[in-house]
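# Per-entry structural report
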Amino acid sequence: MGVIIGCSGAKNLAKAVAKKSKLSYSDLIVEKFPDGELKVRFKSSVKGKTIIFIQSYFPAVNDKLTEMLLVAHTAKELKSKKLILMALYFPYLREDKRFEKHESISAKIIAKFHKIFDKVFIVEPHLHRFKRLRAFFPNTEKISTTKEISAYIKKNFKDFVLIGPDQESAQWVEPIADILKTKSIILKKKRLTPEKVKISNIKAEKKKVKTAIIIDDIISTGGTMLEAAKEAKKLAKQVCFIGIHGIFAKNALNKLKKIGIVVSTNSIPSAASKIDLSDAVAAAIKKLK
Ligand code: R5P
C-alpha cells in the first residue's frame, strides 16, 4: 500500500512498524551544511507511491521541522501519490494562545506548515485550551497511548493510585483509570516560571498504598513531576513517574530517578522508554488501508 520512510528522529521505530505492517522500509538521507542548513534525499523513487513518514520532532525540534518541510515538498515535486506523517512527538502545541501582546500562536502556525500532508497522525498531542486537535489542525488525527500505558501498569503494579499532576492531565489519566477500573486523583497546578510550578495540597492518608503512579503527557524539566511527587508521597510508599513524551531536559531523568521509578514511551527514545508504541502506530497505518 505504501512505503515507510524512517526520518532522522525515529528510524528504529519506523523499521519495527514497517515489519509489523508488512510494508517496505526506506531510510531518508539528511545532511547538514556547516552553516546548519539541511539537505534531504530519498534512497529510492517515490513516484506514484503513498509515502508514510515516521518522525519524532526531538531532539533539535527546529531541525526536525525543516527536515519534514523539505521531505514533504520534495516528495510532492517527485510525484508521490499521498503523503502521510506519523509524528511520535510533535512540538509547539503548548503555545496555543497569545499569552502576551504581539506574540505568536505557534500551535496554529506550525499546523499550517503541515497542510502539505494528506494526513498527520500525532501521538498524544498536548491539548490545553483547544479541546480537539482538529479545531486548528484539520488534516490530523490522534494516536492514543491509553492501551499501552494501561497494559504496562497492569503488568508491573498491583497496589497503586493513579495521579494526574495538573488539570489537563485528566485527559490521559482518566481513560487509563477506566481501563484499569480504578479511581484517579487530579491535582491542581499553577506555573510560576517555565521551570517552577506549585501544586495543590492533598490530605495525607494513614494507610498508604504501595505505589503512586503519576501520569503526564510531557516530562520536560521534571518540575511538574517533582512537585506532584511531594503530594503523591502522602498517599504511597513509592512513586512511579509515567511521561508519554520523555524530553528530560536539564538532567530531569537523573533528578526523577532519585525519587522514584521513571517510565516513558519510545516516542522519544531514552533509558526510560519502557513502553513501546510500534503496535499503536502500526494500528493507525492499518486503518488507512
Ligand atoms: C504542560 O502543561 C504539560 O502537560 C507538562 O505538564 C509539562 O510540559 C511538564 O513540564 P515540566 O517537566 O518542565 O514541568
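Residues numbered from 1 in each chain as written. Predicted model: local features only at pLDDT ≥ 70, side-chain atom pairs only at ≥ 80, totals over all residues. Heavy atoms only, no water.

### Looking at the packing of aromatic side chains
To describe a pair of aromatic rings, you give the distance between the ring centres and the angle between the ring planes. Threshold: Here a pair means two rings of Phe, Tyr or Trp (six-membered ring of Trp) with centres within 6.5 Å. Their orientation is stacked below 30 degrees between planes, edge-to-face above 60, and tilted elsewhere. Only DSSP runs of H or I with at least four residues qualify as helices, and only runs of E with at least two residues qualify as strands; both kinds are numbered from the N terminus onward. Three exposure classes are used, based on accessible area relative to the maximum for each residue type with a 1.4 Å probe and protein chains only: buried under 20%, partly exposed in between, and exposed over 50%.
In this structure the tally under the stated criterion is 8 aromatic pairs. Judged by centre distance (6.1 Å) and plane angle (85°), the rings of Phe53 and Phe117 are edge-to-face. Remark: Phe117 occurs in the loop between helix H3 (106-113) and strand E6 (119-123) and Phe53 occurs in strand E4 (residues 50-55); sequence separation between them is 64 residues. No difference in accessibility class separates Phe53 from Phe117, as the two residues are buried. Relative to Phe137, the ring of Phe136 lies with its centre 6.4 Å away and its plane at 50°, an arrangement referred to as tilted. For the pair Phe136 and Phe137, a shared accessibility class is recorded, and that class is buried. Members of the aromatic cluster, joined through ring pairs, are Tyr57, Phe90, Phe130, Phe136 and Phe137.

### A word on the sheet that holds strand E3 (residues 38-42)
Spelled out, the test is: Between any two strands, pairing holds if DSSP finds at least two bridges. Working convention: axes come from line fits to C-alpha atoms, limited for helices to the stretch in contact. Angles between N-to-C directions cover 0 to 180 degrees. When checking whether two residues touch, look at their non-hydrogen atoms; a contact exists if any pair is within 4.5 Å.
One open sheet holds the 7 strands; their spatial order is E3-E2-E1-E4-E5-E6-E7, and the pairing between them is mixed. Each end of this open sheet is capped by a strand with a single partner; those strands are E3 and strand E7 (140-143). The sheet shows a mean angle of 25° between the axes of neighbouring strands, taken without regard to direction. Sheet strands touched by helix H2 (residues 61-77): strand E2 (24-32), E3, E4 and strand E5 (82-87). Its angle to E3, the strand with the most contacts, is close to 45°.

### A look at the domain arrangement of the protein chain
Short version of the rule: Each domain's extent is set by a domain assignment, obtained either automatically or from a database. Put simply, buried area is the surface a 1.4 Å probe can reach on two separate parts but cannot reach once they are joined, added for both. Two N or O atoms count as a polar contact when they lie within 3.5 Å, although within protein this holds only if one can serve as hydrogen donor and the other as acceptor, and sequence-adjacent residues are included solely when both atoms are side-chain atoms. When residue character is reported, Ala, Val, Leu, Ile, Met, Phe, Trp, Tyr, Cys and Pro are called nonpolar, Asp, Glu, Lys and Arg charged, and the others, Gly included, polar.
Along its sequence, the protein chain is carved into domain 1 (2-143) and domain 2 (146-275). For the domain 1 and domain 2 pair, buried surface summed over both sides reaches about 1200 Å², with 58% attributable to carbon and sulfur atoms. Its largest share of buried area at the contact with domain 2, domain 1 owes to Phe58, Tyr89 and Glu124, together 43% of the area lost on that side. Viewed at the interface, domain 2 and domain 1 are joined by 7 residue pairs in polar contact (both at pLDDT 80 or more). In the side of domain 1 that touches domain 2, the residues fall into 7 nonpolar, 3 polar and 2 charged.

### Examining the site of the ligand
To keep things clear, this is the line we draw: In these notes, residues near a molecule or strand are those with any non-hydrogen atom within 4 Å of it. Each accessible area is a Shrake-Rupley result for a 1.4 Å probe, and residues are judged covered by the shown protein chains and nothing else.
Looking at the ligand, there are 15 residues lining it, with Asp216, Asp217, Thr221, Gly222 and Thr224 nearest. At 3.0 Å from an oxygen atom of the ligand is found a side-chain nitrogen or oxygen belonging to Lys189. At a separation of 2.6 Å, an oxygen atom of the ligand approaches a polar side-chain atom of Asp216. Compared with its free state, where it exposes 380 Å², the ligand has 95% of that area covered by protein. Those elements giving two or more residues to the shell around the ligand turn out to be strand E10 (189-191), strand E12 (209-219) and helix H6 (223-232). Grouping the constituent residues of the shell around the ligand by class yields 2 nonpolar, 6 polar and 7 charged.

### What about the packing of helix H1 (residues 11-21) against helix H8 (residues 278-288)?
Applied cut-off: Working rule for angles: under 35 degrees goes down as roughly parallel, over 145 as roughly antiparallel, 65 to 115 as roughly perpendicular, anything else as oblique. For any helix crossing, the convention is left-handed if the near helix is rotated counterclockwise from the far helix by under a right angle, and right-handed if that rotation is clockwise.
Between H1 and H8, the least distance of the axes is 9 Å, while the angle of their chain directions is 55°. Judged on the interaxial angle alone, H8 and H1 are oblique. Considering only the axes of H1 and H8, their crossing is right-handed. Contacts between H1 and H8 involve Leu13, Ala16, Val17, Lys20 and Ser21 on the former and, on the latter, Ser278, Asp279, Val281, Ala282 and Ile285. Of the residues belonging to the contact of H1 with H8, the class tally is 6 nonpolar, 2 polar and 2 charged.

### Concerning the packing of helix H4 (residues 146-156) against helix H5 (residues 170-179)
The contact between H4 and H5 brings their axes to 9 Å, and the two run at 55°. When the interaxial angle is binned, H4 and H5 end up oblique. Remark: the crossing between H4 and H5 carries right-handed chirality. From H4, Thr146, Ile149, Ser150 and Ile153 reach across to H5, where they touch Pro175, Ile176 and Ile179. Across the contact of H4 with H5, the residue classes tally to 5 nonpolar, 2 polar and no charged.

### Quick look at H3
Which entries qualify depends on this criterion: When we speak of the arc, we mean the arc of directions from the helix axis to the C-beta atoms.
If you check which residues of H3 are buried, you get Ser106, Ala107, Ile110 and Ala111. The buried side chains of H3 occupy one side of the element, clustering within an arc of 135° when seen end-on. Elements that come into contact with the buried residues of H3 comprise H2.

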